[in-house]
Amino acid sequence: MNRTGDPPVPGPDRLRRSGGRGVRKFRRMRRKAEPREDVTKLFAMETKQDKKYGSIYTNEPVKPKDANVFSDGSTRVDFVLAWEEPLTLPTDQCENVNPNHRKWRDKFLRKLQYFGLLLERKVVIQKKSRVCFVLLSAPWRVLCYYGEEISLRVPLQVGNTSIINWSEQFLTRLSLPSILSQNVPNPPPDFYTCQFRTNKLQRFLGNEEKETFFKTTQRHQVVYEILARTPYGVVKRGEIGIDRLLSEGVFSAAYPLHEGDFELPNPPVPPQSLGLRQILHRYWACWSCWRRYQPLDHIREYFGEKIALYFAWIGFYTAWLLPASVFGIFIFIVGIWIMITDVPAKEVCESGDQWVMCPLCNICSYWNYSSICISYKVGILFDNGGTVFFSVFMSLWAVSFLEYWKRTCYALSHRWDCTEFQDIEERPRPEFATMAPMTTRNPVTGAEEPYFPEGQRLSRRVMGFLVILMMIIVVLMFLIAIIVYRTILKIIIYKSENSFVSFSAGRIASLSGSVLNLLVILMLSRVYTSLAQILTRWEMHRTQSKYEDMFILKVFIFQFINFYSSPIYIAFFKGRFNGFPGNYNTLFGVRNEDCGVGGCLTELAQELLVIMVGKQLINNIQEFIAPKLKAWWKKNKINPCVRKVKEEEARIGMSGEEKDQEEVAKVPPWEADYELLVCEGLFNEYLEMVIQFGFITIFVAAFPLAPFFALVNNWVEIRLDAQKFVTEYRRPVIERAQDIGIWFPIMQFISHIAVLTNAFLIAFTSSFLPRLYYRYTRDDTLKGYINFTLSVSPKNFSEQACRYRALRDENGNYLPDYFHLLAIRLTFVIVFEHVVFFISRFIDLMVPDIPEEVEIKMKREHYMAKEALAENQSFAMPIFPEEQLFRSRDLKQHGFMPSPLLRRDPPPQILVGIHEESEKADS
């Protein structure tokens, strides 16, 4: 493969620096980057250390030469921009088909260099196109300046805490070995950290080593912040930032580089000599690690807190599914025993021609109740007394799971210094800062921030709500269409001459309707997710966390209706309004659906099996196969002949040593990472798990095996996700997070809904209460129960008398037993939900949100901070007058402000362009 290396600044399109004001801004940045005398004292500590903060290794072994460098062999590559262009264009040009793309790209690259970044260009020839790479690097002064702007956290002193799982701690107390633990090499050291300040540089650990002071992930954050702020066109039209350029197709990719290869070296080396990516692949992404604890500190070190919290949550959730699965399997086994010994089931199977049932549709024929012997017995597997206890167990399980996750999340957030991220450290989104028409002071930090009027945001939210409502109506229309489809298909099958198919018409129509409903769900999900993203961007939310929360809320409302509408219909509405023989209700001229021969609970279990398990299989197959197919297609775009020429050139230029051969012939990391897939974030991963959480809690009374299927799926899901992030995805820019966001209150909402749905499911859909009522009013052995549940058709229906399932007399009127049973059902719902909610509230009160050891550490840190502040009275002086700090309506109009900084001094032009206040400061 032919590769040409250009100087750091492109030749004919040389990136130029602006003069004049830019010089003044750079002087100010230099003054800011230089350490100044500061009398403010931090915690007393030693600044000498034997560890490099930028590395995860305590005793760092000899590592291979870093390939993520410029041509000079020393300048580190912090970010890569890439775009493709036709191969027919001259080699020295970097034009695209669209002339505006070249203009925007050149302006954007000039701005990046003007902001202080170092650039170097590489060109790679592919089969039908040329890929242009621009390598970006942030020098020390830029890192210091922007590190203070975005509140990077740097180490003050080494800590000594470690993540200990409760199961490992329990086994340790019993002096038993933990089969789940593993010795992962090179654990990242724990530090006490604070926000970076240039004038306190000498007080931080590792300040002598400028190359390793900022971690690799922090360098990525700094460069991405510059990329997200940099304008390339008219700012009022939102032409700002790398994300907009990627969506416009100006650049095809923007990504930080992985740290080396994920494959283990050959010959083997000591575990301490492995890179972090290799450690994650060996001790986390491998299938053999399915029963091991996840190395959360290593995941956080490489991918950031947001991704680490996701894997901590899914691991915690999967561990809690284990007792639920065991209890569910036990209930299912109890159901098998009840099915074998059930008296009503024997009555059905031995009834012969005793009960002739009325036709299930207008053209259907009479049938014998004994013909549903197998279906009736299968229904008992999911409809028995054990499901009541399992429903109570799962309701309490959901509450306990959420309470203990809250504790775990708080412990991880404190360990990773994210407890105050959303309130203090998180900054406004670049797009919000660009479009906001005015500014105000942050009441917490006192910094000047962009502000968007609440009146305008309210009107946009109302519009978004109307769109959501319209999409929900669309979902309900599809649900009605599927109901009509099942009814019509049943009639068509009954008309067929095949007796076997005709006998199974109801079952075939129900199963095909479930599959069709799954396909409709997956199709509408994709459409609405794109629509929700547009609406959320239009609503102008201030921070990225708020933006993601509102986007998630919109999608979940839709997905809740999309996934659960059909099971809710089957559980609570199907067969309730169909009337009785001679007086059937119709919908669009078609007789309303009745429950199948096995009952509505059996149909609900079938629906849950198809939707839940089917969706999990489709997602896992897609996650396993789709990335590999995409990667194969992308790699095969490279011309094999060109690849062979490249390897020959590498052999000609080698020094003769085998080690140098491999290094020369190896594909550069920016080219190798370009062939990987774009990381799509965590939204789909969370959504899949939360929808699953709803299935195993809301409808668990109908499907006790749901937790077991969820457990098996999650064991596979964790490894698939780990492999994707380590081996198949480009490295994402790390994001800090305090918790899992709005997903937690969504799961709390689901757990409350689950109590009500299970109560109504047991009371009105299950046969538990009718059987219990018959035991105490008729016969405790349940003899004659089947005859009790069957009514005789009215005389005006047909000449032949038939039976149907209801508690009615010969005229179609309800019997007194119906009203007695209705009162019992309503009483059961009230008692069930009150008891469960009371116990849930008791659990909530008994389990503290913050673990005791974490609370003690927080009090200790707060005390040390107060002592440090007391040593210097200058900290007692308020930075802002109190009346000015808390004046929430003190708004100011501002003009062109693409990226206001959270600072008290004027923002430099290299970040935000021309700003009115900064111009006054310059003059």
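This structure is a prediction, so every number in the text was calculated from the model and none was measured.

**A look at the pattern of salt bridges**
If charged atoms from side chains of opposite charge come close, those side chains can pair.
Part 1 of the reasoning: Here the structure, examined in full by the defined rule, presents 21 salt bridges.
Part 2 of the reasoning: The partner of R102 in a salt bridge is D106, and the shortest N-O contact between them spans 3.6 Å. Of this pair, R102 and D106 are both found in helix 2 (residues 99-114), four residues apart, which corresponds to roughly one turn of the helix.
Part 3 of the reasoning: Looking at D106, the relative accessible area reads 13%, which means it is buried.
Part 4 of the reasoning: Residue D817 is joined to R778 by a salt bridge in which the shortest nitrogen-to-oxygen separation is 2.6 Å. With D817 in helix 29 (residues 816-846) and R778 in the loop between helix 27 (768-777) and helix 28 (785-789), the pair connects residues that are 39 residues apart, well separated along the chain.
Part 5 of the reasoning: Residue classification places D817 among the buried positions, given a relative accessible area of 13%.
Part 6 of the reasoning: Among the residues examined, R778 registers a relative accessible area of 44% and is labelled partly exposed.
Part 7 of the reasoning: Through salt bridges with shared partners, a single network forms among R300, E305 and R736.

**Considerations on the nonpolar core**
Part 1 of the reasoning: Judged by nonpolar contacts, the single largest core of 133 residues is most densely connected at W313, Y369 and W397.
Part 2 of the reasoning: Here W313 is in contact with F401, W405, Y686, M689, I740 and M747, once residues within four sequence places are set aside.
Part 3 of the reasoning: Membership of the second largest hydrophobic core comes to 43 residues, among which are C132, L136, V222 and V250.

**Digging into the pairing of strand 2 (residues 79-86)**
Part 1 of the reasoning: In terms of burial, strand 2 is largely enclosed, as six of its eight residues are buried.
Part 2 of the reasoning: Of the pairings in the sheet, the one linking strand 2 to strand 4 (residues 129-137) comprises eight bridges and is antiparallel in character. What sits directly across from W83, in strand 4, is C132.
Part 3 of the reasoning: In the sheet, strand 2 pairs with strand 7 (residues 253-255) via three bridges, with the strands oriented antiparallel.

**Quick word on a nonpolar patch on the surface**
Part 1 of the reasoning: On the surface, L458, V462, M463, F465, L466, L469, I473, M477 and W538 cluster together into a nonpolar patch covering about 900 Å² of accessible area.
Part 2 of the reasoning: Top element by residues in the nonpolar patch is helix 16 (residues 454-495). It accounts for eight residues.
Part 3 of the reasoning: Mapped onto the secondary structure, V462 falls in helix 16.
Part 4 of the reasoning: For V462, a relative accessible area of 44% puts it in the partly exposed group.

Criteria and cut-off values
Residues numbered from 1 in each chain as written. Predicted model: local features only at pLDDT ≥ 70, side-chain atom pairs only at ≥ 80, totals over all residues. Heavy atoms only, no water. Salt bridge = Lys/Arg side-chain N within 4 Å of Asp/Glu carboxyl O. Helix = DSSP H or I, 4+ residues; strand = E, 2+ residues; numbered from the N terminus. Buried < 20%, exposed > 50% of the residue type's maximum accessible area, 1.4 Å probe, protein only. Core = buried A, V, L, I, M, F, W, Y, C linked by side-chain atoms within 4.5 Å. Contact = heavy atoms within 4.5 Å. Pairing = 2+ DSSP bridges. Patch = residues over 30% accessible without salt bridge, like charges linked within 9 Å, V, L, I, M, F, W, Y side chains within 5 Å. Areas by Shrake-Rupley, 256 points an atom, 1.4 Å probe, with all protein chains shown as cover.

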